[in-house]
Structures are given as C-alpha cells and as structure tokens.
Amino acid sequence: MSTPIKPSSRDERFAEVFGAPLDQLLAVPSPTRYLREALELRAFLAVTEDHVVWVRDRVHERSAPDRPMDELSEDDLRMDAEWMQAALLARRGYVTALDKVLRAGPPSEHQPAVTFNQPVISARAVPAEQATARGKGR
C-alpha cells in the first residue's frame, strides 16, 4: 500500500535540482545522503504547509459571510491566529533550510579524490641501538 505524496511549494525546484520528478526520487533504492536529507526536509515542509492550509480553511469557515454573527468567538479566532503564527514560522524555517540545501546542489559523484602536493619522505630512521653501535665502531 502506498501513501499519497503531499505536495509542497518547492517541488518544481526540487525536480530541477535533481533532474527527475519527485515520485522517481522517492523510489531511488539507495539514495545519497544529500538526496535523503533533502527529501526529509521536503516532507517536513509539505506537512507544515498542510497545517497552514488547515488553519486558513478553519478561519475562513468560522468567519464565512453566511455564518451567524453570534457564532464568532474571540477566543477561537485568537487561538487560530496563534496556530497560524506557529505554522507560518515553521514553514519559513523549512523553506529557508530546503532552499539553502537546494542552492548548494548535490555533490558531484565524479569529484576527484583530494590529493596533497607534499613531498614524500623515503628515508628510514635507524633504530637508536644500531646508530650508537655504528658510531662506536668508527
């Protein structure tokens, strides 16, 4: 049984960076660390954006023009405002983090190994006992 993929506001950018649609990226058998972490951030963003939509829809429903004025509640609207503030703050954090990851781009798979241009020491040290024995024999 598969679960539906929640959309996020960064799905198009995600597909641009990775060069494949989201459903294909989710099916990669052994994703790189970069892809796995980007997918996790994207999933958190999708859930958070879902929460923003829920609160927005609840506020619209509670304040619909056809609803009786007596049903409006300051406490309910204040709580909805707090929920919305928290959801939007979380969304901003995830968007910022995901944009930063996507801007960095995936590490090159064909990146050459790091090499150091330092001379190699090829001489061997003589153990101390042999060095003192040689010095006495001269």
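Since we're looking at a predicted model, the values are computed, not measured. (Residues numbered from 1 in each chain as written. Predicted model: local features only at pLDDT ≥ 70, side-chain atom pairs only at ≥ 80, totals over all residues. Heavy atoms only, no water.)

Describing the packing of aromatic side chains
Here comes step 1: Under the counting rule described, the total for this entry stands at three aromatic pairs.
Here comes step 2: A centroid spacing of 5.4 Å and a plane angle of 40 degrees characterise the contact between Phe 18 and Tyr 34, whose relative ring orientation is tilted. With a gap of 16 residues between them, Phe 18 in helix α1 (residues 11-18) and Tyr 34 in helix α3 (residues 33-62) connect regions that are remote in the sequence.
Here comes step 3: When its relative accessible area of 19% is taken as the criterion, Phe 18 is described as buried.
Here comes step 4: With a relative accessible area of 13%, Tyr 34 lands in the buried category.
Here comes step 5: Cluster of aromatic residues (ring-pair linked, three or more members): Phe 14, Phe 18 and Tyr 34. (Phe/Tyr/Trp six-rings, centres within 6.5 Å; stacked < 30°, edge-to-face > 60°. Helix = DSSP H or I, 4+ residues; strand = E, 2+ residues; numbered from the N terminus. Buried < 20%, exposed > 50% of the residue type's maximum accessible area, 1.4 Å probe, protein only.)

Side note on the confidence of the model for the chain
Here comes step 1: When pLDDT is averaged across the chain, the result is 84; 74% of the residues are at 70 or more.
Here comes step 2: Per-residue pLDDT, averaged within each element of the chain, yields its smallest value for helix α5 (residues 128-136) (63) and its largest for helix α4 (residues 74-104) (96). (pLDDT = per-residue confidence, 0-100.)

Things to note about the packing of α1 against α4
Here comes step 1: Here α1 crosses α4 at 20 degrees, and the two axes come no closer than 10 Å. Classified by the angle between their axes, α1 and α4 sit roughly parallel to one another. Our pair here, α1 against α4, has a crossing hand that is left-handed. Across the interface between the two elements, Arg 13, Phe 14, Val 17 and Phe 18 from α1 touch Leu 98, Leu 102 and Arg 103 from α4.
Here comes step 2: For the contact of α1 with α4, the residue count by class is five nonpolar, no polar and two charged. (Axes fitted to C-alpha atoms, helices over the stretch in contact; angles between N-to-C directions. Parallel < 35°, antiparallel > 145°, perpendicular 65-115°, else oblique. Left-handed = near helix turned anticlockwise from the far one by under 90°. Contact = heavy atoms within 4.5 Å. Nonpolar A, V, L, I, M, F, W, Y, C, P; charged D, E, K, R; others polar.)

Considerations on the nonpolar core
Here comes step 1: Phe 14, Phe 18, Leu 25, Leu 35, Leu 98 and Leu 102 are the most contacted members of the largest nonpolar core, which has 15 residues in total.
Here comes step 2: Mapped onto this core, the elements with two or more residues apiece are α1, α2 (22-26), α3 and α4.
Here comes step 3: A per-element tally of this core places α3 first, with six residues.
Here comes step 4: Setting aside its immediate chain neighbours within four residues, Leu 98 contacts Arg 10, Phe 14, Ala 38, Leu 41, Arg 42 and Leu 45. (Core = buried A, V, L, I, M, F, W, Y, C linked by side-chain atoms within 4.5 Å.)

Section: the pattern of salt bridges
Here comes step 1: In this structure the tally under the stated criterion is 13 salt bridges.
Here comes step 2: When the shortest N-O distance is used, the salt bridge between Asp 11 and Arg 42 registers 2.7 Å. With a gap of 31 residues between them, Asp 11 in helix α1 and Arg 42 in helix α3 connect regions that are remote in the sequence. Here Asp 11 matches Arg 42 in class, with each residue buried.
Here comes step 3: The shortest N-O distance in the salt bridge between Asp 80 and Arg 58 comes to 2.9 Å. In this pair, Asp 80 sits in helix α4 while Arg 58 sits in helix α3, placing the two residues 22 residues apart along the sequence.
Here comes step 4: Note on Asp 80: relative accessible area 2%, which makes it buried.
Here comes step 5: Exposure remark for Arg 58: the relative accessible area of 29% places this residue in the partly exposed category.
Here comes step 6: What you see here is one network of salt bridges that share partners, running through Arg 58, Arg 62 and Asp 80. (Salt bridge = Lys/Arg side-chain N within 4 Å of Asp/Glu carboxyl O.)

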